[in-house]
Amino acid sequence: MNRKPLFHVKKRTLLAIAGSVWIIAGFNVARLGILSYQILWPASALWFVLSLVIFGLFGAMFLRMSRKHVKRIEAFEQSTRPFWNFFDLKSYLIMAFMMGGGIWFRSSGLAPVWFIAFFYTGLGLALAVAGVCFWVNFFAFDRNN
């Protein structure tokens, strides 16, 4: 009897997991920004422009990261991998640093509402778009892998 190791999934499934994690994280970060916009309402057009700038800067970085992860996942020799292999160690460390830093920054009171509004909205939407890119690759991936 040839059984798949426990917690292993196909490479294609790793793309779906990565896409889901990025979309959920992006939605939650953007939600914090949008809630801050509601506090500021009516918000200055400058804040919306700054959200677009942050979206562009982080979006470019996250798209590069998602492409790197897609290539890494596709290059795995085994047809199945542990489900947590959608990220490598460096990416888990970056994620932990960004989440911990963001939580600390908001709870410290150092971040004014206007900053959270434009920064978190742009950052969250960039994360979500990168998640969508993982899903695009999921649907384009050879189903036999």
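Structure report, in brief. In this text the structure is predicted, and so the values were computed from the model without any measurement.

In this section: a nonpolar patch on the surface. Where nonpolar side chains cluster on the molecular surface, the patch consists of Leu6, Phe7, Phe83 and Trp84 and spans about 460 Å² of accessible area. Examined against the element boundaries, Phe7 turns out to sit in the segment before strand S1 (8–10).

With an omega of 0 degrees, the peptide bond between Trp41 and Pro42 qualifies as cis. As for its position among the elements, Pro42 is in the loop between helix H1 (11–40) and helix H2 (45–75). Look at Phe7: it is not a glycine, yet its phi comes out positive at around 70 degrees.

Attention now moves to the nonpolar core. If you look at the biggest cluster of nonpolar residues, it comprises 32 residues, and the most contacted ones within it are Leu15, Trp22, Phe58, Phe62, Phe119 and Leu123. Only H1, H2 and helix H4 (113–140) provide two or more residues apiece to this core. Broken down by element, the residue count for this core peaks at eleven residues, all from H4. Other than its neighbours up to four places away in sequence, Trp22 contacts Phe62, Met65, Phe87, Leu127, Ala128, Ala130, Gly131 and Phe134.

With respect to the helices and strands, the residue Thr80 is situated in strand S2 (residues 80–82). The buried category is assigned to Thr80, whose relative accessible area is 16%. Thr80 sits 73 residues away from Phe7 along the chain, and the two C-alpha atoms are 9.4 Å apart. In this view, Thr80 contacts Lys4, His8, Val9 and Lys10; residues no more than four positions away in its chain are not counted. In this structure the side chain of Thr80 is engaged in a polar contact, spanning 3.3 Å, whose partner is the side chain of His8.

Criteria and thresholds
- Residues numbered from 1 in each chain as written.
- Predicted model: local features only at pLDDT ≥ 70, side-chain atom pairs only at ≥ 80, totals over all residues.
- Heavy atoms only, no water.
- Patch = residues over 30% accessible without salt bridge, like charges linked within 9 Å, V, L, I, M, F, W, Y side chains within 5 Å.
- Areas by Shrake-Rupley, 256 points an atom, 1.4 Å probe, with all protein chains shown as cover.
- Salt bridge = Lys/Arg side-chain N within 4 Å of Asp/Glu carboxyl O.
- Helix = DSSP H or I, 4+ residues; strand = E, 2+ residues; numbered from the N terminus.
- Core = buried A, V, L, I, M, F, W, Y, C linked by side-chain atoms within 4.5 Å.
- Buried < 20%, exposed > 50% of the residue type's maximum accessible area, 1.4 Å probe, protein only.
- Contact = heavy atoms within 4.5 Å.
- Polar contact = N/O pair within 3.5 Å; in protein donor to acceptor, adjacent residues only side chain to side chain.

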